[in-house]
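Descriptive analysis of the structure
As a plain string of letters, each chain reads:
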There are 4 protein chains.
Amino acid sequence: MRVGLLTSGGDCQALNAAMRGVVKGLFEYDKKVEIFGFRNGYKGLIYKDYTQMSRSDFSGILTRGGTILGSSRQPFKQMRVPDENGLDKVEAMKQTYYDLNLDCIVILGGNGTEKSANMLREEGLNVIHLPKTIDNDIYGTDVTFGFQSAINIATDAIDCIHTTAASHNRVFIVEVMGHKVGWLTLYAGIAGGADIILIPEIPYDIDNVVSAIEKRGKEGKGFTILAVAEGAISKEDSKLSKKEYKSKLAERKYPSVSYEIAAEIEKRTGVEVRVTVPGHTQRGGSPCPYDRVLCTRLGAAAAKAIVDKDYGNMIAMVNGETKRVPLGKVAGKLKSVDPKAQMIKEAKIVGISFGD
Amino acid sequence: MRVGLLTSGGDCQALNAAMRGVVKGLFEYDKKVEIFGFRNGYKGLIYKDYTQMSRSDFSGILTRGGTILGSSRQPFKQMRVPDENGLDKVEAMKQTYYDLNLDCIVILGGNGTEKSANMLREEGLNVIHLPKTIDNDIYGTDVTFGFQSAINIATDAIDCIHTTAASHNRVFIVEVMGHKVGWLTLYAGIAGGADIILIPEIPYDIDNVVSAIEKRGKEGKGFTILAVAEGAISKEDSKLSKKEYKSKLAERKYPSVSYEIAAEIEKRTGVEVRVTVPGHTQRGGSPCPYDRVLCTRLGAAAAKAIVDKDYGNMIAMVNGETKRVPLGKVAGKLKSVDPKAQMIKEAKIVGISFGD
Amino acid sequence: MRVGLLTSGGDCQALNAAMRGVVKGLFEYDKKVEIFGFRNGYKGLIYKDYTQMSRSDFSGILTRGGTILGSSRQPFKQMRVPDENGLDKVEAMKQTYYDLNLDCIVILGGNGTEKSANMLREEGLNVIHLPKTIDNDIYGTDVTFGFQSAINIATDAIDCIHTTAASHNRVFIVEVMGHKVGWLTLYAGIAGGADIILIPEIPYDIDNVVSAIEKRGKEGKGFTILAVAEGAISKEDSKLSKKEYKSKLAERKYPSVSYEIAAEIEKRTGVEVRVTVPGHTQRGGSPCPYDRVLCTRLGAAAAKAIVDKDYGNMIAMVNGETKRVPLGKVAGKLKSVDPKAQMIKEAKIVGISFGD
Amino acid sequence: MRVGLLTSGGDCQALNAAMRGVVKGLFEYDKKVEIFGFRNGYKGLIYKDYTQMSRSDFSGILTRGGTILGSSRQPFKQMRVPDENGLDKVEAMKQTYYDLNLDCIVILGGNGTEKSANMLREEGLNVIHLPKTIDNDIYGTDVTFGFQSAINIATDAIDCIHTTAASHNRVFIVEVMGHKVGWLTLYAGIAGGADIILIPEIPYDIDNVVSAIEKRGKEGKGFTILAVAEGAISKEDSKLSKKEYKSKLAERKYPSVSYEIAAEIEKRTGVEVRVTVPGHTQRGGSPCPYDRVLCTRLGAAAAKAIVDKDYGNMIAMVNGETKRVPLGKVAGKLKSVDPKAQMIKEAKIVGISFGD
């Protein structure tokens with residue numbers, strides 16, 4: 001058996017754990033399996049930048065953050081566009097695959113990565129996709145790896161801010177990652193005890209945000225914590241066309257939405273507002289135990305799928321069980337927070353405002 | 001509305017977070033709700049040891065371990081046995097309930113606590129049960145609170161042992177809590193990268209354990225980590241009657257099963273084996289973000305059930321949704337690890353031995 | 001005995017631990033001691049906003065971040081300026097002190113707070129100062145409390161960035177707090193394995209920074225981590241007068257120095273540079289064990305000084321021993337990093353660049 | 001330049017960080033330095049088990065626990081006793097040293113390791129010793145590496161126990177490592193808020209321990225936490241001769257002193273006492289930022305000493321500065337806690353009982 005491995009897109013916490021799972025599983029089945037690691041995502045596959053790896057290369061990496069293979073962002077849109085030297089990237093990837101005589105390639109990545117993986121499947125390659133992203137926005141799986149680890153880091157940030165906010169009677173905004181969806185902000189916000197949570201799926205009205213802060217003041221709470229998704233959007237802006245919104249963003253004088261919201265709150269309430277942006281720390285560090293278990297299971301299930309020669313799937317976690325989900329059915333779809341989800345209702349029950 | 005609260009059994013990490021969820025939810029519905037907190041579990045209900053609590057008593061406790069109400073163990077078996085002064089405990093509890101004119105009492109606890117809660121329900125009281133235990137052995141819910149926090153602590157212990165084991169080429173046993181079930185050991189063992197996992201549901205054969213250690217030696221791994229559940233049992237012992245096993249345990253010269261296994265391994269392999277018992281630390285400390293989200297949701301759902309006057313239920317988490325599960329259907333049932341579960345198979349795929 | 005307590009300036013991690021030490025110490029000496037806690041720093045003393053506190057108010061706060069008394073910034077410069085109602089703040093504070101018939105007031109804070117404490121001493125009040133700040137810039141003590149806890153948080157951020165930087169071959173800047181000094185950046189930078197450390201005491205030359213990045217590239221390291229103090233300054237700017245520099249800062253189009261450095265590096269190298277600003281998280285969360293021991297000792301030593309009626313001192317830690325340092329000798333002086341310090345030389349020995 | 005490296009004795013958290021410091025420092029001085037890593041402590045030197053290492057072998061190990069070289073315990077007493085094949089170990093080590101034509105060997109270890117290093121120095125080898133131990137008992141340095149990381153782990157354990165003790169009104173003992181000295185217990189005990197701290201240097205009287213527990217009861221505290229050093233000893237036992245005490249220990253029916261103290265307390269008070277033994281976890285995991293800074297500095301100072309050809313020293317940290325301390329002056333001396341130390345007095349001021 002000859003199996004390729006690559007990690008693509010923004011890195012996150014349990015990529016190594018997942019690869020360890022796949023490789024340990026394959027070696028338990030077949031001691032002669034040959035593993036090829038492609039460097040820096042699809043680039044390695046395109047430009048034949050790979051290394052043959054031994055079992056011991058995957059030893060001791062369960063707890064290590066990042067990816068031992070390196071990663072890079074390769075926008076799906078440009079996959080079919082020749083590179084600066086006129087190279088057809090798709091053909092180049094196929095060539096590498098066939099030259100190495102691979103049985104299969106295991107691709108770890110998020111939504112964009114999945115789309116490219118599906119394209120390779122359509123081109124006739126045997127692929128397995130493992131759903132990696134701190135954003136948790138991959139359709140077809142209940143949870144992605146990296147998500148819980150990122151929740152932990154973002155929650156730590158909110159926890160730290162909590163003590164300082166309470167000591168100073170201030171309003172604090174913690175800006176949480178999550179790309180176009182609010183999963184990470186929703187979970188970290190609830191876990192950190194945020195009073196107001198703003199996510200892209202529930203456009204906010206700044207008046208409601210201000211009311212929620214003032215309500216706390218009336219209840220004798222001198223401080224308020226907002227967890228704001230990097231993609232949060234106001235009701236007003238949500239009515240703009242994509243193009244209009246983009247050009248509005250381009251002109252925004254603030255580095256991100258949180259600073260804009262902060263300025264608005266300060267203007268309306270006179271209270272000092274501070275913004276904290278944990279940023280890329282949310283992708284880093286050692287994976288949490290939850291993600292390590294998740295990745296060991298996904299990795300094992302991927303190994304089993306390879307042994308079964310059942311390709312073309314994402315290995316998902318659904319209702320506590322790993323599952324093979326055909327890439328053709330899920331690639332290109334985004335999983336967003338449903339504003340009517342039970343969890344949103346429960347958050348509202350305990351008094352969290354979504355500014356809607 | 002007049003609502004009672006009590007926490008019973010061994011404490012764990014997110015009891016306060018869960019109570020905060022219930023109380024925040026109730027106050028959002030009705031600012032005039034009256035909360036009565038019973039001290040030290042059922043004792044407080046029996047002996048009228050309670051205090052009326054304000055909303056602010058539950059402020060800032062989301063991250064605090066333990067329980068602000070105190071807890072105590074009250075074996076279900078003795079509930080109907082009069083106390084040393086001849087007091088009928090069940091009648092006493094009912095009396096307290098009626099004297100305070102409660103609409104409902106919210107009871108946080110594990111399996112034993114749930115049985116007593118169900119008995120109170122049968123006696124005509126309005127009860128709501130929230131599933132608390134690091135053991136994860138409550139039937140009818142996918143997960144209990146405390147479980148993930150305990151996994152984190154047990155995994156930390158295994159992580160620490162990993163570096164020392166690797167440096168010294170030794171065999172290490174980490175004994176993990178879990179009462180009669182193996183959930184905590186299974187998850188922490190996989191998360192910590194244990195090579196061998198021994199749980200009560202899969203009785204072990206010491207020969208297989210020794211083989212697994214020796215197999216690692218042949219693969220050039222100088223050390224082995226075992227995660228052993230406090231309730232782990234050998235195949236031989238699993239064939240004994242309950243009574244026989246109890247009397248065998250009573251005579252055991254080791255403080256716990258791990259020491260016995262360690263002695264066996266040393267005898268058979270000549271390798272030095274060290275045992276670590278994180279013990280009660282697994283119940284302590286601040287709840288992890290996962291448990292805080294879980295408890296906020298369960299608490300909100302409990303508040304909603306109280307408002308709906310829908311009593312007699314455990315509030316469970318099933319497939320990612322909170323759910324009201326009638327106590328009559330679940331009380332007294334234990335949720336064990338199924339030896340044929342997908343997760344066990346996956347653990348075996350990556351080479352973990354269960355000694356079976 | 002009647003003792004006042006106040007916490008002033010930016011909050012930090014072990015304020016509660018220090019107050020607990022003082023109060024536990026006083027109660028062990030004299031069960032009848034009366035404790036008065038002033039709210040929100042000097043404001044509480046000025047406006048008679050205080051509460052009498054019992055021993056149990058200080059129980060269980062050893063690990064809690066922030067300050068149970070609240071804090072506020074009260075610039076020393078404005079202490080002698082009447083407030084908006086014409087109130088003479090200094091006289092008001094003295095009045096409160098005498099009205100309450102205090103034996104002493106214990107003041108926890110940083111440099112500015114210390115200057116005000118010294119002024120109150122000169123005005124005839126009995127004061128004790130405890131050196132609080134994550135900046136570690138208080139003259140007369142080897143270390144301040146909050147410093148080590150902040151190092152831990154800033155280092156965590158660098159650790160998280162490390163895994164993501166290594167996976168993507170990028171340049172990352174982590175901006176570390178520290179006001180006008182580089183202590184926090186120096187320690188967190190070394191602890192986090194930063195390749196380049198920029199601090200106010202060692203003005204940087206951007207050419208040297210770029211060379212250091214390129215040197216790493218030549219050694220086969222695809223990524224570089226910079227720890228940059230919020231007060232870092234270029235050689236060029238360090239030659240400006242204070243006034244000139246201030247007006248230059250006011251015109252700067254970047255939110256902070258790190259963004260400016262990032263832009264410069266991108267311009268000169270073409271490599272993508274990302275900036276992370278942990279910000280106020282560095283002040284928050286639970287104090288680390290080091291700070292808890294430090295504060296318990298400083299608190300005990302403060303209690304002893306009060307019992308000895310030896311007022312007018314900062315309680316410092318010097319060469320591992322607590323020491324009473326007369327406020328008159330230290331107030332107003334800043335402790336900066338000496339560019340020729342042994343530690344700087346050692347950092348250079350292991351290849352860290354300071355851009356000088 | 002040709003330099004050897006070995007790590008000996010029980011492993012601890014920052015061994016890799018220290019070696020990284022030495023090697024980075026050497027390579028900055030001289031790109032052609034040759035590094036030889038001996039495996040498993042002195043064994044590698046005796047039996048010529050070594051590997052030549054590149055700079056990149058020491059890259060990325062700043063945060064990794066354990067030792068990449070492996071370690072083993074080699075009692076000083078047996079260094080001059082031939083091995084089972086009649087090999088003269090000292091001569092064998094010298095032979096390896098001369099065969100490899102080493103300029104120097106850097107030895108990382110605790111007290112025993114230091115004695116052997118000093119012996120090698122007396123035999124004419126160039127050695128540098130770096131003071132490693134979680135016990136902090138090396139004479140001539142203010143602090144050893146591993147110590148602060150171990151404090152953090154032991155304090156975490158006490159923190160976890162705190163929440164559970166407070167919830168259940170129990171007495172808890174946390175047994176802390178430290179070999180024959182009480183440093184680790186003293187620091188972790190104060191940091192964790194232990195009420196009673198028992199260390200070898202201050203023999204305890206069980207009556208005083210019980211009184212301290214009862215005093216807390218009278219003050220309304222339902223629980224008590226004891227931090228007990230693994231080497232704690234009663235006043236009575238401290239009067240025995242070494243031989244008598246050893247034979248008493250051999251007959252002790254409890255696995256360690258904590259269990260014996262627990263039984264005594266239970267007998268005298270009737271209160272339930274639980275014992276927790278974090279054990280080897282205290283040596284493991286990632287080094288804390290404090291230890292990483294310490295080791296980077298010690299490593300750099302060692303590199304400088306090698307470049308200066310100034311051998312035969314331990315590199316110590318004294319009053320915040322690294323210092324070369326002649327091995328002949330310190331080897332064989334133990335640094336214990338002085339019962340009259342200022343820190344002990346301060347601990348007593350805040351009400352901590354030492355049982356004396």
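What you see is a predicted model, and the numbers here were worked out from it, not measured in a lab.

Here we come to unusual backbone geometry. The phi dihedral of A:His179 is positive, around 60°, even though this residue is not glycine. Note on placement: A:His179 falls in the loop between strand S6 (171–176) and helix H6 (183–191). Positioned with a positive phi, B:Asn40 is a non-glycine residue whose angle comes to about 60°.

All names here are of chain D. If you walk across this open sheet you meet the seven strands as S3-S2-S1-S4-S5-S10-S11, and the pairing is mixed. One side of each edge strand has no neighbouring strand; the edge strands of this open sheet are strand S3 (50–53) and strand S11 (321–326). The average undirected angle you get between the axes of adjacent strands in this sheet is 25°. Direction of pairing for strand S10 (residues 313–318) relative to S11: antiparallel, over a ladder of six bridges. The partner of methionine 317 across the bridge, within S11, is threonine 322. Along the sheet, helix H11 (residues 289–307) makes contact with strand S1 (2–7), strand S4 (104–109), strand S5 (127–131), S10 and S11, crossing S10 at roughly 140°.

A separate point is the packing of aromatic side chains. Between two aromatic rings, the relevant description is the distance of the centres plus the angle of the planes. A complete count under the given rule lists 18 aromatic pairs over all chains for this structure. When the centroid spacing of 6.1 Å and the interplanar angle of 75° are considered together, the rings of A:Phe36 and A:Tyr50 count as edge-to-face. One end of the pair, A:Phe36, is in strand S2 (residues 34–38); the other, A:Tyr50, is in strand S3 (residues 50–53), with 14 residues separating them in the sequence. Chaining the aromatic ring pairs together yields one cluster made of A:Phe36, A:Phe38 and A:Tyr50. A:Lys335 extends its terminal NZ or CZ atom over the ring of A:Trp183, reaching a point 5.4 Å from the ring centre. Over the aromatic face of D:Phe223 sits the side chain of D:Arg216, whose NZ or CZ is 5.1 Å from the ring centroid.

The next subject is the interface of chain C and chain D. Between chain C and chain D, the residue contacts involve 43 residues of the former and 43 residues of the latter. Across the chain C/chain D interface, buried area totals approximately 3500 Å², and carbon plus sulfur atoms make up 55% of it. Per-residue buried area on chain C facing chain D is highest for C:Gln342, C:Ile349 and C:Val350; these three make up 17% of the total on that side. Between chain C and chain D we count seven salt bridges in total. A salt bridge links D:Glu346 to C:Arg297; the shortest N-O distance between them is 2.6 Å.

This next bit is on the interface of chain B and chain A. Each side of the interface is counted separately: chain B has 43 residues, and chain A has 43 residues. Both faces combined, the contact of chain B with chain A buries some 3500 Å², and carbon together with sulfur accounts for 54% of it. B:Arg292 is the partner of A:Asp159 in a salt bridge, and the nearest nitrogen-oxygen pair spans 2.9 Å. Residue assignment for the side of chain B that touches chain A shows that the elements contributing at least two residues are helix H1 (15–29), helix H5 (147–168), helix H6 (183–191), helix H11 (289–307), strand S11 (321–326) and helix H13 (342–349) of chain B. The element best represented in the side of chain B that touches chain A is H11(B), accounting for 10 residues.

Here we take up the packing of helix H13 (residues 342–349) of chain C against H11(D). The contact between H13(C) and H11(D) brings their axes to 9 Å, and the two run at 75°. Considering their axes alone, H13(C) and H11(D) lie roughly perpendicular with respect to each other. Here C:Gln342, C:Met343, C:Glu346 and C:Ile349 of H13(C) come into contact with H11(D), specifically with D:Val293, D:Arg297, D:Ala300, D:Ala301, D:Ala303 and D:Lys304. Here the residues of the contact of H13(C) with H11(D) are counted per class, giving six nonpolar, one polar and three charged.

To continue, consider the relation of the copies chain C and chain D. Each copy of the sequence occupies a distinct position, and chain C is placed on chain D by a rotation of 180° and an axial shift of 0.0 Å, giving an RMSD of 0.0 Å. Both copies of the chain, as the preceding transformation shows, are related through a two-fold rotation axis. Considering only C-alpha atoms, the part of chain C nearest the rotation axis is C:Asn319, at 2.6 Å. Comparing contact sets, 100% of the residues at the interface of chain C also lie at the interface in chain D, consistent with an isologous, same-surface contact.

With that settled, the discussion passes to the UniProt feature "active site" (unreviewed entry) in chain A. Residue and element names in this part refer to chain A. Per the UniProt record, "active site" (unreviewed entry) is annotated on Asp135. Residue position: aspartate 135 is located in the loop between strand S5 (127–131) and helix H5 (147–168). Judged by relative accessible area, aspartate 135 falls into the buried class, the value being 8%. If we ignore the near neighbours within four places in the chain, the residues touching aspartate 135 are Gly178, His179, Val181 and Trp183.

Another point: the relation of the copies chain B and chain A. When chain B is fitted to chain A, the residual RMSD is 0.0 Å, and the transformation amounts to a turn of 180° plus an axial shift of 0.0 Å. Both copies share a contact surface, since 100% of the interface residues of chain B are interface residues in chain A too.

Moving on, we get to empty space enclosed by the protein. Following the criterion strictly, the structure yields five cavities of 30 Å³ or more and no others. The computed volume of the largest cavity comes to approximately 60 Å³. Lining the largest cavity are A:Arg20, A:Lys24, A:Thr296, B:Ile190, B:Gly193, B:Ala194, B:Asp195, B:Val350 and B:Ile352. When grouped by side-chain class, the residues that make up the lining of the largest cavity number four nonpolar, two polar and three charged.

Moving on, we get to the pairing of strand S2 (residues 34–38) of chain B. Residues and elements named next belong to chain B. Burial within S2 is extensive, with four of its five residues counted as buried. In this structure, strand S1 (residues 2–7) lies alongside S2, joined through four bridges in parallel fashion. From the neighbouring strand, glycine 4 faces S2, where its bridge partner is phenylalanine 36. Following the chain from S1 across H1 to the adjacent parallel S2, one finds a crossover that is right-handed. Here S2 runs beside strand S3 (residues 50–53); their pairing, made up of four bridges, is antiparallel. When the sheet's bridge partners are listed, phenylalanine 36 is paired in S3 with glutamine 52.

Our focus in this paragraph is the domain arrangement of chain A. All names here are of chain A. Its domain assignment divides chain A into domain 1 (2–146 + 287–330) and domain 2 (151–282). Each of domain 1 and domain 2 has a C-alpha centre, and the two are 34 Å apart. Taken together, the six residues of domain 1 in the interface contact nine residues of domain 2. When domain 1 packs against domain 2, close to 630 Å² is buried across both sides, 51% of that on carbon and sulfur atoms. For the pair domain 1 and domain 2, the number of links is two residue pairs in polar contact (both at pLDDT 80 or more). Here the residues of the side of domain 1 that touches domain 2 are counted per class, giving two nonpolar, two polar and two charged.

Scoring rules and cut-offs
- Chains are numbered independently. Their residues run from 1 in the order of the written sequence.
- Following the order in which they are written, the chains are lettered starting with A and the ligands numbered starting with 1.
- Owing to the predicted nature of the model, reporting of local features is limited to residues with pLDDT of at least 70; listing and counting of side-chain atom pairs is limited to 80 or more, with chain, interface and lining totals taken over all residues.
- Side-chain measures here rest on the full set of heavy atoms in the structure, leaving out hydrogens and waters.
- For helices the rule is a DSSP run of H or I covering at least 4 residues; for strands it is a run of E covering at least 2, with both sets numbered from the N terminus onward.
- For two strands to count as paired, DSSP must find a minimum of two bridges between them.
- Simply put, an axis is a line fit to the C-alpha atoms, just over the touching stretch for a helix, and the angle between two N-to-C directions goes from 0 to 180 degrees.
- Here, residues are in contact when the closest pair of their heavy atoms is within 4.5 Å.
- Working definition: rings of Phe, Tyr and Trp (its six-membered ring) pair if their centres are within 6.5 Å, and the pair is stacked with planes under 30 degrees apart, edge-to-face with planes over 60 apart, and tilted otherwise.
- Any Lys NZ or Arg CZ found within 6 Å of a ring centre and within 35 degrees of that ring's normal is scored as a charge over the ring.
- For any pair of parts, buried area is found by adding up, for both, the accessible area (1.4 Å probe) each one loses once the two are put together.
- Take a side-chain nitrogen of Lys or Arg and a carboxyl oxygen of Asp or Glu: if they are within 4 Å of each other, that pair is a salt bridge.
- Roughly parallel refers to an angle under 35 degrees, roughly antiparallel to one over 145, roughly perpendicular to one between 65 and 115, and oblique to any angle outside these ranges.
- Gly falls in the polar group here, along with every residue not listed as nonpolar (Ala, Val, Leu, Ile, Met, Phe, Trp, Tyr, Cys, Pro) or charged (Asp, Glu, Lys, Arg).
- Least-squares superposition aligns the copies on the C-alpha atoms of those residues with pLDDT at or above 70 in both.
- UniProt positions are given in the numbering used here, feature names are shortened, and annotations may be inferred rather than shown by experiment.
- Any residue under 20% of the maximum accessible area for its type is buried, any over 50% is exposed, and the rest in between are partly exposed; the area is computed with a 1.4 Å probe on protein chains only.
- Only protein atoms enter the 1 Å grid used here. Points where a 1.4 Å probe fits but cannot escape make up a cavity, open sets with protein on both sides within 12 Å along at least five of seven lines make up a pocket, and a residue lines them when an atom lies within 4 Å of a point.
- Grid points are joined across faces, edges and corners, and a volume is the space filled by probe spheres set on the points.
- Here, the term right-handed applies to a crossover whose path from the first strand over the helix to the second runs clockwise when the strands point away from the viewer.
- Each domain's limits were defined by an automated method or a database of domain assignments.
- Polar contacts, as counted here, are pairs of nitrogen or oxygen atoms within 3.5 Å of one another; within protein the pair requires one atom able to donate a hydrogen and one able to accept it, and residues that are adjacent in sequence qualify only if both atoms are side-chain atoms.

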